[in-house]
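Geometric and topological summary
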Number of protein chains: 2
Amino acid sequence: MTALVGLVRDDLEACNRLIIARMQSPVQLIPQLAAHLIAAGGKRLRPLLTLAAARLCGYRGERHVGLAACVEFIHTATLLHDDVVDESDLRRGQASANAVFGNQASVLVGDFLFARAFQLMVADGSLEVLDILCSAAATIAEGEVLQLVIQNDTTSTEAQYLDVIEGKTAALFAAATRVGAVVAERPKAEAEALDSYGRNLGIAFQLVDDALDYSAAQEKLGKTVGDDFREGKITLPVLLAFERGDETEKTFWRRVLEERDQKDGDLAEALILMGRHRAIEDTIVRARHYGDRAIAALSAFGACPEKAALTGVVEFCIARAR
Amino acid sequence: MTALVGLVRDDLEACNRLIIARMQSPVQLIPQLAAHLIAAGGKRLRPLLTLAAARLCGYRGERHVGLAACVEFIHTATLLHDDVVDESDLRRGQASANAVFGNQASVLVGDFLFARAFQLMVADGSLEVLDILCSAAATIAEGEVLQLVIQNDTTSTEAQYLDVIEGKTAALFAAATRVGAVVAERPKAEAEALDSYGRNLGIAFQLVDDALDYSAAQEKLGKTVGDDFREGKITLPVLLAFERGDETEKTFWRRVLEERDQKDGDLAEALILMGRHRAIEDTIVRARHYGDRAIAALSAFGACPEKAALTGVVEFCIARAR
């Protein structure tokens, strides 16, 4: 990450200035609430990917700055709507916007940021870029709805889980990197290579996130362990522990995740079962697999600092699990 | 309305087919939930305005059908998010999508429909149309957030109330009619005339809606009286009754709307106070004023069946109050 940030520092600063400028509104609650998330200082991972992908493609203009801001707005809007969705109490280690401002404000300010994102795309003026990012927005929503449909359902499959994370997470990563090739007017093959890089990185990133939710490493990142567990969210660690468990264990998972009947000690018990079946380790193995595919997709590009930095991002995402 | 529907019947059927086709998704909950609202059979007022405005401008192509569907998707998405916002139990006389499917599904399916709307705009391919509708989407969100900020606050002003309804309602009406002139490639003056028509119609429409919430006529439309009252929503009838009331009455309004301390008989008392101060009648007078401005804006166009039908829509919207 450090190499990546170093490479595009000026672009990132321009992007941050644009984000602050475009989240303004005469309705004060909007910048207040947006700042709560945006100032919360996410890693800006997605906009960094757009900036670096464009530079990797030899782009020397400024359009990628606006599109990086657009990608961050879409991401921030989905976080605000997730606050409604998950009733999550922690977001990047602080109270979620929802807990502070309420469901209604989170929904509406999220809508505002979505609209701002589309306005930034229109200002960019490329219908191809608009198509990529609008399609990603639709896919993200489909992934989030599918996650809602299968939550608390221990009979859901690993394939359904992959559909969920490809939609809710990987689609935006793929769009964020693909547009880098589009603004640079590179051949379709490079756009598809960057799409594949972003998509596989996004899947790896989410797999690690879902592993972290059951891992002590999570606390280092200022998040609580077991948020997904308390919500009865069906993630790969759960699916692996369930399918590898005996009937007694399956009964336990059904009670805590399907019936949501949880009492003290249940999270500890879940962690023991996951340990017994190597559910966390094998989730990280899957993440490593997708991370390797992301790196392989970069073979379309010759050696350069941007390629090295994008390779480093994959390693960074997977290293979070340690 | 009948004249309008008659004039664009084929276009409306094409629009309805497109709406059904574009709300599909492999994630079944999405069409299910969307159908709950879309099949609930709104009047399709906004898409009808787009279709008629394009025809008024002499447009003979098919682009207006896709844009009308886009306008209906944006409207439906805001209804879904309003269900979260207002905890409204009734929407067009039936249980709101939210009551049936929950907050989370309403937010996410609303996001999907927003994305679909933007995809329809991208398919249309006009950056000018994209600019108009994306700006409207941002303005709608600002209006909804402002409404949230001033709700339960009896010190808010009529000017703030007008800002709210211009944002949450009139902006989409204005965009829906303006794009009719844009697809027909008519001069800016006609686009602005149709924008003014839609904006003033939208304000009149919302004023009547807010009057209806305290009127027996509401029951004829299958909605309950007093939803806004129970939510402590500050609308013009309330503002008029409050500013014209004595100190005892102001104390009443503060208790029921600011403290939200409501008991049996309070709604009846509110209706008595509004009657005493002609709050409903004067809200309708305001609506009539904006309706007349909408009709005046049509003077930019020569007499034709479309102009007559659009004039009729204004009368229809105001007549709902009787």
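Note: the structure precedes this text.
None of these values were measured; they are calculated from a predicted model.

1. Topic: the environment of A:Val314
All names here are of chain A.
- Tracing the backbone shows Val-314 in helix α17 (residues 305–319).
- Along the sequence, Val-314 and Ile-295 sit 19 residues apart, while their C-alpha atoms lie 7.4 Å from each other.
- If we ignore the near neighbours within four places in the chain, the residues touching Val-314 are Tyr-197, Leu-201, Gly-291, Ala-294 and Ile-295.

2. Concerning the interface of chain B and chain A
- Taken together, the 40 residues of chain B in the interface contact 40 residues of chain A.
- Across the chain B to chain A interface the summed buried area is about 3,300 Å²; carbon plus sulfur atoms make up 77%.
- Among the residues chain B hides against chain A, the three largest losses belong to B:Gln104, B:Leu108 and B:Glu142. Together they make up 19% of the total.
- Between chain B and chain A we count six residue pairs in polar contact (both at pLDDT 80 or more) in total.
- Put simply, the parts of the chain that give the side of chain B that touches chain A at least two residues each are α3 (29–38), α5 (63–86), α7 (103–124) and α8 (127–150) of chain B.
- Here the side of chain B that touches chain A is composed, by residue class, of 25 nonpolar, eight polar and seven charged.

3. Focus: the pattern of salt bridges
Residue and element names in this part refer to chain A.
- Tallied over the full model, the rule gives 38 salt bridges over all chains.
- The shortest N-O distance in the salt bridge between Arg-55 and Asp-11 comes to 2.8 Å. You can see Arg-55 sitting in helix α4 (residues 45–56) and its partner Asp-11 sitting in helix α2 (residues 9–22), a full 44 residues away along the chain. Pair check on accessibility: Arg-55 and Asp-11 agree, each one buried.
- With a closest N to O distance of 2.7 Å, Asp-282 and Arg-244 form a salt bridge. With Asp-282 in helix α16 (residues 279–297) and Arg-244 in helix α13 (residues 236–244), the pair connects residues that are 38 residues apart, well separated along the chain.
- You can call Arg-244 partly exposed: its relative accessible area is 33%.

4. A few points about the packing of aromatic side chains
- Across all of its chains, the model carries seven aromatic pairs over all chains by this definition.
- The interplanar angle of 70° and the centroid separation of 5.3 Å between the aromatic rings of A:Phe252 and A:Trp253 together place this pair among those described as edge-to-face. With respect to class, A:Phe252 is no different from A:Trp253; both count as buried.
- For the cation-ring pair, B:Lys250 lies above B:Phe242, with the distance from its terminal atom to the ring centre recorded as 5.1 Å.
- Lying over the aromatic face of B:Phe205, B:Arg320 brings its terminal NZ or CZ to 4.2 Å of the ring centre.

5. What about the relation of the copies chain B and chain A?
- Overlaying chain B with chain A gives an RMSD of 0.0 Å, the required rotation being 180° about an axis along which the chain moves by 0.0 Å. Put plainly, the chains are arranged around a two-fold axis. It is B:Val107 whose C-alpha, among those of chain B, lies nearest the rotation axis, at 3.5 Å.
- Interface overlap between copies is the fraction of interface residues in one copy that are interface residues in the other; for chain B against chain A it reaches 100%, indicating a shared surface.

6. Side note on the nonpolar core
- The biggest cluster of nonpolar side chains holds 239 residues, and the ones touching the most others in it are A:Tyr197, A:Trp253, B:Tyr197 and B:Trp253.
- Once residues lying within four places of it in the same chain are set aside, the contact partners of A:Trp253 are A:Thr154, A:Phe229, A:Val238, A:Ala241, A:Phe242, A:Glu258, A:Ala270, A:Leu273 and A:Met274.

7. Here we look at unusual backbone geometry
- Of note in this structure, A:Glu185 is not a glycine but carries a positive phi near 55°.
- Take A:Glu185: it is sitting in the loop between α9 (158–183) and α10 (188–212).
- Residues other than glycine seldom take positive phi values, yet B:Arg260 does so here, at roughly 55°.
- In this fold, B:Arg260 is placed in the loop between α14 (247–258) and α15 (266–276).
- Look at B:Arg260 and you get partly exposed, because its relative accessible area is 39%.

8. A few points about α17(A)
Residue and element names in this part refer to chain A.
- Between its terminal C-alpha atoms α17 stretches 20 Å, which fits the 21 Å expected from 15 residues at 1.5 Å a residue.
- Within α17, burial applies to Glu-306, Ala-309, Leu-310, Val-313, Val-314, Cys-317 and Ile-318.
- Considering only its buried residues, α17 is in contact with α1 (2–7), α4, α10 and α16.

9. Considering the side chain of A:Asp266
- Position of A:Asp266 among the secondary structure elements: in helix α15 (residues 266–276).
- Not counting chain neighbours up to four residues away, the residues in contact with A:Asp266 comprise A:Phe229, A:Phe252, A:Arg255, A:Val256 and A:Asp261.

10. A short note on the state of the cysteines
- Using the criterion set out here, one finds zero disulfides over all chains in the structure.
- Looking at the unpaired A:Cys57, the closest cysteine sulfur is the one in A:Cys304, lying at 9.3 Å.
- Look at A:Cys57 and you get buried, because its relative accessible area is 9%.
- Considering cysteine sulfurs only, B:Cys134 is the nearest to B:Cys70, which forms no disulfide, with 8.4 Å between them.

11. Some words on helix α7 (residues 103–124) of chain A
Residues and elements named next belong to chain A.
- Taking 1.5 Å of rise per residue, the 22 residues of α7 would be expected to cover 32 Å, and the 32 Å separating its terminal C-alpha atoms lies within 8% of that figure.
- α7 sits mainly inside the fold: 20 of its 22 residues count as buried.
- Looking one or two residues past α7, Gly-125 carries a phi angle of roughly 90°, positive in sign.

Calculation rules
Residues numbered from 1 in each chain as written. Chains lettered and ligands numbered in written order. Predicted model: local features only at pLDDT ≥ 70, side-chain atom pairs only at ≥ 80, totals over all residues. Heavy atoms only, no water. Helix = DSSP H or I, 4+ residues; strand = E, 2+ residues; numbered from the N terminus. Contact = heavy atoms within 4.5 Å. Buried area = accessible area lost by both parts, 1.4 Å probe. Polar contact = N/O pair within 3.5 Å; in protein donor to acceptor, adjacent residues only side chain to side chain. Nonpolar A, V, L, I, M, F, W, Y, C, P; charged D, E, K, R; others polar. Salt bridge = Lys/Arg side-chain N within 4 Å of Asp/Glu carboxyl O. Buried < 20%, exposed > 50% of the residue type's maximum accessible area, 1.4 Å probe, protein only. Phe/Tyr/Trp six-rings, centres within 6.5 Å; stacked < 30°, edge-to-face > 60°. Lys NZ or Arg CZ within 6 Å of the ring centre and 35° of its normal. Least-squares fit on C-alpha atoms with pLDDT ≥ 70 in both. Core = buried A, V, L, I, M, F, W, Y, C linked by side-chain atoms within 4.5 Å. Expected span 1.5 Å × (residues − 1). Disulfide = S-S within 2.5 Å.

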